[in-house]
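Reading the structure
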Amino acid sequence: MSVTTIDGQQVHFEAYGRGSPILFVHGWLGSWRYWWSTMQALSNRHRSFAFDLWGYGDSSKDVGNYALQSYVGMLTSFADKLAIVRPFTIVGHSLGAALALHYAKLEPESVERIALVALPLSGDHINGQLTGGSAAAVLSQAKTKFDAYPEVLMALEKTDAVAFGESIDQFRRMNLTDRLAEVACPTLLVFGARDSLVKKPMTVPHKNGQVGSNHHCVSLEGCSHFPMLEQPAVFNRLLREFINHDGEQDLSPKSYWQRRTR
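First things first, this report covers the structure right here in the doc. (Residues numbered from 1 in each chain as written. Predicted model: local features only at pLDDT ≥ 70, side-chain atom pairs only at ≥ 80, totals over all residues. Heavy atoms only, no water.)

**Things to note about the side chain of Gln-9**
Relative to the elements of secondary structure, Gln-9 occurs in strand β2 (residues 9-16). Excluding residues within four positions of it along the chain, Gln-9 makes contact with Thr-4, Trp-54, Ser-60, Asp-62 and Asn-65. (Helix = DSSP H or I, 4+ residues; strand = E, 2+ residues; numbered from the N terminus. Contact = heavy atoms within 4.5 Å.)

Structure (structure tokens):
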């Protein structure tokens, strides 16, 4: 286990592989652990970093650090502390996807591309299963819902319910539509077609009102909220091809995915 400190608070992280850097950021129902198979799959060409947000996993539990802006600052400080070479790719899931989006807007020169998995574009896209009860009750229900994935269960046992509750409450009042449209770097949005927790948007905004040539949205059939665990081979291949995409070939979601899964 690797540990560093940011603002006097402990941050647990793991790093693996060699090559161009990728930073993985987990979401509300997890920790760095569910990125492990993806980190391994990309290790021959990429140096992957994954850390536990404050309130999650083995990082510090301090209620003063659970605001969204604190997490964005944590991401910035982590990249600085470990001297991650810029520009790097960020892969985020749910809450982590929102953090990746904010960081890409604040420090565009530091980000090569972003992959956003299960990103709720607004509070309306978060299912009532996450917002409808007390944080402790929701986490308890999640242990039953995702009991097939030990990576998630281990993370849920270490999650501070206050951290989960505060970030969900903040997110319910947010709308990331404009922020997504403003980000210029290559962007991949991934949604599980069977995800009952985060709804896929009907359209994906871009600065010209359309999905741009460097903004792509893919829906993975048969997946729910954790495609990196449910269909790791499919997810890892999609991510690898997005990272290596040069922009010269068509990457429209439907033709792209059908062409590679026949």
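That covers the picture; the talk isn't over yet.
**Examining the pattern of salt bridges**
Per the stated rule, a full pass over the model turns up five salt bridges. For Lys-158, the salt bridge identified is with Asp-58, shortest N-O distance 2.9 Å. One end of the pair, Lys-158, is in the loop between α6 (150-157) and α7 (161-172); the other, Asp-58, is in the loop between β4 (46-51) and α2 (68-81), and 100 residues separate them in sequence. Overall, the relative accessible area of 33% leaves Lys-158 in the partly exposed class. A salt bridge links Asp-80 to Arg-86; the shortest N-O distance between them is 2.5 Å. Under the relative-accessibility criterion, Asp-80 is labelled partly exposed at 44%. (Salt bridge = Lys/Arg side-chain N within 4 Å of Asp/Glu carboxyl O. Buried < 20%, exposed > 50% of the residue type's maximum accessible area, 1.4 Å probe, protein only.)

**Some remarks on the packing of helix α5 (residues 135-145) against α7**
Direction vectors running N to C along α5 and α7 enclose 105°, while the axes themselves pass 8 Å from each other. The angle between α5 and α7 places the two elements in the roughly perpendicular class. Residue-level inspection shows Ala-135, Ala-136, Val-138 and Leu-139 of α5 in contact with α7, the latter providing Ala-161, Phe-164 and Gly-165. A per-class count over the contact of α5 with α7 returns six nonpolar, one polar and no charged. (Axes fitted to C-alpha atoms, helices over the stretch in contact; angles between N-to-C directions. Parallel < 35°, antiparallel > 145°, perpendicular 65-115°, else oblique. Nonpolar A, V, L, I, M, F, W, Y, C, P; charged D, E, K, R; others polar.)

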